[in-house]
Amino acid sequence: MRPPRGWLRWALEVVVLAAVFAGADVLSAMTSGPGSGVAGIWIPGGIGLAGLLLGGLGLWPALVIGGIAAAPASEALVSMCTPSSSMIGEPSLTPCIAP
């Protein structure tokens, strides 16, 4: 049994949108550290909304896949930017991209 016509194109669109969404999520987590005042959800949220508006609601699996794929990397970046203490009484921040 052959897949319906257009199935391969839909799968490619899902993969591309998921990759762009995940990349934007990781980039957003890198640029919005604690105390930066920048909400990290706006960039991937805008990309997801644009993808759904341009490609149709049938691309919603791409946002789920992209969000699941980006979660471990985003968590690791956020945990790197949390305050730590190198010496007793001397608080410091571990390396973080956000100024």
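Residues numbered from 1 in each chain as written. Predicted model: local features only at pLDDT ≥ 70, side-chain atom pairs only at ≥ 80, totals over all residues. Heavy atoms only, no water.

1. What to know about the overall build of the protein
Across its full length, the protein holds 3 helices and 2 strands. Mapped in sequence order, the helices and strands of the protein form the string α-α-α-β-β. Here the protein holds 99 residues, and 24% of them are scored as buried. A fraction of 57% describes how many contacts in the protein between residues 6 or more apart in sequence connect residues 24 or more apart. Per element, the accessible surface of the protein, about 7000 Å² overall, is 75% carbon and sulfur. (Helix = DSSP H or I, 4+ residues; strand = E, 2+ residues; numbered from the N terminus. Buried < 20%, exposed > 50% of the residue type's maximum accessible area, 1.4 Å probe, protein only. Contact = heavy atoms within 4.5 Å. Areas by Shrake-Rupley, 256 points an atom, 1.4 Å probe, with all protein chains shown as cover.)

2. Here's the deal with the packing of helix α1 (residues 7-31) against helix α2 (residues 42-55)
At a closest axis distance of 8 Å, the pairing of α1 and α2 adopts a crossing angle of 165 degrees. Taken together, the axes of α1 and α2 lie roughly antiparallel to each other. The chirality of how α1 crosses α2 is right-handed. Together, Leu-17, Val-20, Phe-21, Ala-24, Asp-25 and Ser-28 of α1 and Ile-43, Pro-44, Gly-45, Ile-47, Gly-48 and Gly-51 of α2 make up the contact between the two elements. Counted by class, the contact of α1 with α2 contains 7 nonpolar, 4 polar and 1 charged residues. (Axes fitted to C-alpha atoms, helices over the stretch in contact; angles between N-to-C directions. Parallel < 35°, antiparallel > 145°, perpendicular 65-115°, else oblique. Left-handed = near helix turned anticlockwise from the far one by under 90°. Nonpolar A, V, L, I, M, F, W, Y, C, P; charged D, E, K, R; others polar.)

3. Focus: the nonpolar core
Formed by Val-14, Leu-17, Ala-18, Leu-52, Leu-59 and Ala-62, the largest nonpolar core amounts to 6 residues. If we skip the residues at most four places from it in the chain, Leu-17 touches Ile-47, Gly-51, Leu-59, Ala-62 and Leu-63. (Core = buried A, V, L, I, M, F, W, Y, C linked by side-chain atoms within 4.5 Å.)

4. Examining α2
End to end, α2 covers 19 Å across 14 residues, agreeing with the expected 20 Å (1.5 Å per residue, within 8%). Burial in α2 covers these residues: Pro-44, Gly-48, Gly-51 and Leu-52. Taken down its axis, α2 places every buried residue within 95 degrees of arc, on the same side. Facing away from the buried side of α2, by more than 90 degrees, are the exposed residues Trp-42, Leu-49, Leu-53 and Leu-54. Directly after α2, the chain includes Gly-56, whose backbone phi takes a positive value near 100 degrees. (Expected span 1.5 Å × (residues − 1). Arc of directions from axis to C-beta.)

5. A look at the confidence of the model for the protein
Mean pLDDT over the protein: 75, with 60% of residues reaching 70 or higher. By mean pLDDT, strand β2 (residues 90-93) is the weakest element of the protein at 47, and α2 is the strongest at 90. For the stretch residues 89-94, pLDDT sits under 50, and the model shows 12 contacts to residues farther than four places along the chain or on other chains. (pLDDT = per-residue confidence, 0-100.)

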